[in-house]
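Overview (structure and organization)
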Amino acid sequence: MDITKIDEQTIALMNKAFAIVLDQNKVPYNKIGIVEEGDQLLFLYEGKDEKVHVFKWSKSSSIGVSFGVLAQSVLMPIIPHLRLLS
């Protein structure tokens, strides 16, 4: 299923897709979340240091992409960094 708009339901599904990718890559976390900020989406990650780390990407780049592809494209480049935080 491709993302057609950004709303609360879409963000909830994104959150689930991001959790799946983190679990598949064995990246532990305390909490994660996705929020909107203007024309960007923010991935919030809380690791063992209990600090919230923020990773941003363009909201418009998420339209027309499947949830799984989006989660992979956002997370794969930062997984080594997330492992250091976990």
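The present account deals with the structure reproduced in this document. (Residues numbered from 1 in each chain as written. Predicted model: local features only at pLDDT ≥ 70, side-chain atom pairs only at ≥ 80, totals over all residues. Heavy atoms only, no water.)

1. Points about the environment of F55
Threshold: Under the DSSP-based scheme used, a helix requires at least four consecutive residues in state H or I and a strand at least two consecutive residues in state E, with every element numbered from the N terminus. Only protein chains enter the accessibility calculation, which uses a 1.4 Å probe; a residue whose area is less than 20% of its type maximum is buried, one above 50% is exposed, and one in between is partly exposed. Every residue pair with non-hydrogen atoms within 4.5 Å of one another is taken to be in contact.
Among the secondary structure elements, F55 is positioned in strand β3 (residues 52-58). Residue classification places F55 among the buried positions, given a relative accessible area of 16%. Considering only alpha carbons, one finds F55 and S86, 31 residues apart in sequence, at a separation of 15 Å. The contacts of F55, once residues within four sequence positions are left out, are L41, L42, F43, Y45, I78, H81 and L82.

2. A few points about unusual backbone geometry
For K26, which is not a glycine, the phi torsion comes out positive at approximately 55°. Its location among the elements puts K26 in the loop between α1 (8-24) and β1 (31-37). Using a relative accessible area of 69% as the deciding quantity, one classes K26 as exposed. At E50, a position not held by glycine, the phi torsion is positive, near 60°. Along the chain, E50 falls in the loop between β2 (40-46) and β3. Residue classification places E50 among the exposed residues on the basis of a relative accessible area of 62%.

3. Brief notes about the environment of G68
Note that G68 resides in helix α2 (residues 67-75). Overall, G68 belongs to the partly exposed group, its relative accessible area being 38%. Taking the C-alpha atoms as reference points, G68 and M1, 67 residues apart in sequence, are found 9.0 Å from one another.

4. What to know about the packing of aromatic side chains
Rules: Here the aromatic set is Phe, Tyr and Trp, taking the six-membered ring for Trp, and pairing holds for ring centres within 6.5 Å; pairs whose planes are under 30 degrees apart are stacked, those over 60 apart are edge-to-face, and all others are tilted.
Tallied over the full model, the rule gives four aromatic pairs. Ring geometry for F43 against Y45: centres 6.3 Å apart, planes inclined by 45°, an arrangement best described as tilted. In this pair, the class of F43 matches that of Y45, namely buried. Three or more aromatic residues joined by ring pairs make a cluster, and in this case those are F18, F43, Y45, F55 and W57.

5. Considerations on the packing of α1 against α2
Applicable threshold: An axis is simply a line fitted to the C-alpha atoms; with a helix, the fit covers only the stretch in contact. Between two such axes, the angle follows the N-to-C directions and lies from 0 to 180 degrees. Roughly parallel refers to an angle under 35 degrees, roughly antiparallel to one over 145, roughly perpendicular to one between 65 and 115, and oblique to any angle outside these ranges. Working rule for handedness: look at the near helix, and if it is turned counterclockwise from the far one by less than a right angle, call the crossing left-handed; if clockwise, right-handed.
Relative to each other, α1 and α2 sit at 60°, their axes nearing to 9 Å. Comparing their axes, α2 and α1 come out oblique. You can see that α1 and α2 cross each other, and the crossing is right-handed. In contact with T10, L13, M14, A17, F18, V21, L22 and Q24 of α1, α2 contributes F67, L70, A71, Q72, V74 and L75.

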